[in-house]
Amino acid sequence: MKLKRVAVVGPAGSGRSFLINSLLGSKHVEHAVRASPVTLDISSHRDVVEVNGRRAVLELVDTPGFCGQGVILEEVQRDLKTKFKHIDKAAIVIAKGGLEPTEKNEIRSVLQFLDYKNNPE
């Protein structure tokens with residue numbers, strides 16, 4: 001089976017871990033709504049999925065929230081590079097209130113790091 005790895009990225013408190021739990025149908029990742037970040041380390045969670053009649057392994061990579069207290073973007077990027085040979089896609093989770101300018105810059109930086117050629121504005 002082919003492995004599809006998706007990094008789930010976004011600002012602190014945007015719901016990255018909640019999205020992973022919702023997609024995988026169970027509580028793989030701790031999540032809560034609070035002022036301080038819940039996700040402090042990178043973790044990955046796998047499940048077998050069927051897409052267009054073919055089975056594949058979906059691995060969702062939970063990342064610390066950008067602009068969160070104690071989160072250093074360069075450390076997150078280094079850890080992604082160290083822990084994973086490749087990342088196929090990035091899912092950007094945006095909270096209901098939108099993005100602050102600093103959050104936009106951090107997401108742009110991550111997309112460049114992941115080698116996305118056409119970064120959305």
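Heads up: the structure comes first, above all this text.
Keep in mind the model is a prediction, meaning the values are calculated, not measured. Residue positions are given per chain, counted from 1 along the sequence in the order it is written. Totals for whole chains, interfaces and linings use every residue, but because this is a predicted model, local features are given only for residues with pLDDT of at least 70 and side-chain atom pairs only at 80 or more, for both listing and counting. Excluding hydrogens and water, the side-chain figures rest on all heavy atoms present in the structure.

Enquirer: Looking at this structure, how should I read the overall build of the chain?
Expert: By the criteria applied, helices consist of DSSP H or I runs no shorter than four residues and strands consist of E runs no shorter than two, each listed in order from the N terminus. Across its full length, the chain carries three helices and four strands. Taken from N to C terminus, the helices and strands of the chain fall in the order β-α-β-β-α-β-α. Evaluated residue by residue, the chain yields a buried proportion of 36% over its 121 residues. Two residues qualify as a contact provided that any one of their heavy atoms is within 4.5 Å of a heavy atom in the partner residue. Considering only intrachain contacts with a sequence separation of at least 6, the fraction spanning at least 24 residues in the chain is 62%. Working definition of accessibility: Shrake-Rupley area with a 1.4 Å probe, residue cover restricted to the visible protein chains. If you sum the accessible surface of the chain, you get close to 7700 Å²; carbon and sulfur atoms cover 50% of it. Summary of the burial criterion: residues with accessible area below 20% of their type's maximum are buried, those above 50% are exposed, and those between are partly exposed, where the area comes from a 1.4 Å probe applied to protein chains only.

Enquirer: Would you explain the pairing of strand β1 (residues 2-9) in this entry?
Expert: Two strands pair if DSSP finds at least two bridges between them. Bridge count between β1 and strand β3 (residues 54-62): seven bridges; the pairing is parallel. By the bridge assignment for β3, Arg5 is matched with Glu59. Pairing geometry for β1 and strand β4 (residues 89-92), over four bridges, is parallel. Paired with Ala7 across the two strands is Ala90, which belongs to β4.

Enquirer: Please clarify how the side chain of Glu59 should be interpreted in this entry.
Expert: For Glu59, the location among the structural elements is in strand β3. Given the relative accessible area of 3%, Glu59 is considered buried. Here a polar contact is taken to be a pair of N or O atoms separated by no more than 3.5 Å, where protein atoms must pair a possible hydrogen donor with a possible acceptor and residues adjacent in sequence count only if both atoms sit in side chains. A polar side-chain atom of Glu59 sits 2.8 Å from a polar atom in the side chain of Ser44. With residues up to four places along the chain from it excluded, the contact list for Glu59 reads Leu3, Lys4, Arg5, Val6, Ser44, His45, Arg46 and Phe84.

Enquirer: What's the story with the layout of surface pockets in this structure? I'm lost.
Expert: Empty pockets left among the atoms are what a rolling probe the size of a water molecule brings to light. The calculated volume of the second largest pocket comes to roughly 150 Å³. Here a cavity denotes grid points, spaced 1 Å and computed from the protein atoms alone, that fit a 1.4 Å probe unable to get out, and a pocket denotes an open set having protein on both sides within 12 Å along at least 5 of 7 lines; residues with an atom within 4 Å of a point are the lining. Forming the walls of the second largest pocket are Lys2, Lys4, Val49, Val51, Arg54, Arg55, Ala56, Val57 and Leu58. Of all the secondary-structure elements, those providing two or more residues to the lining of the second largest pocket are β1, β2 (43-51) and β3. When residues in the lining of the second largest pocket are grouped by element, the largest group, five residues, is from β3. Grid points are joined across faces, edges and corners, and a volume is the space filled by probe spheres set on the points.

Enquirer: What am I meant to see in the pattern of salt bridges here?
Expert: When charged atoms on two side chains of opposite charge get close, those side chains can pair. Criterion for a salt bridge: a side-chain nitrogen of Lys or Arg within 4 Å of a carboxyl oxygen of Asp or Glu. Applying the stated criterion across every chain yields a total of three salt bridges. Put simply, Asp79 and Arg78 hold a salt bridge, and the shortest N to O gap is 3.2 Å. Accessibility expressed as a relative area gives 48% for Arg78, which makes it partly exposed. Each member of the salt-bridge network shares a partner with another, and the members are Arg5, Arg46 and Glu59.

Enquirer: Teacher, can you tell me more about the nonpolar core here?
Expert: With 15 residues, the main nonpolar core has Ile42, Phe66, Val76, Leu80, Phe84, Ile87 and Val110 as its most contacted residues. One finds Val6, Val8, Ile20 and Leu24 within the second-largest nonpolar core, a separate group that totals seven residues. The set of buried Ala, Val, Leu, Ile, Met, Phe, Trp, Tyr and Cys residues whose side-chain atoms join them within 4.5 Å is what this entry labels a nonpolar core.

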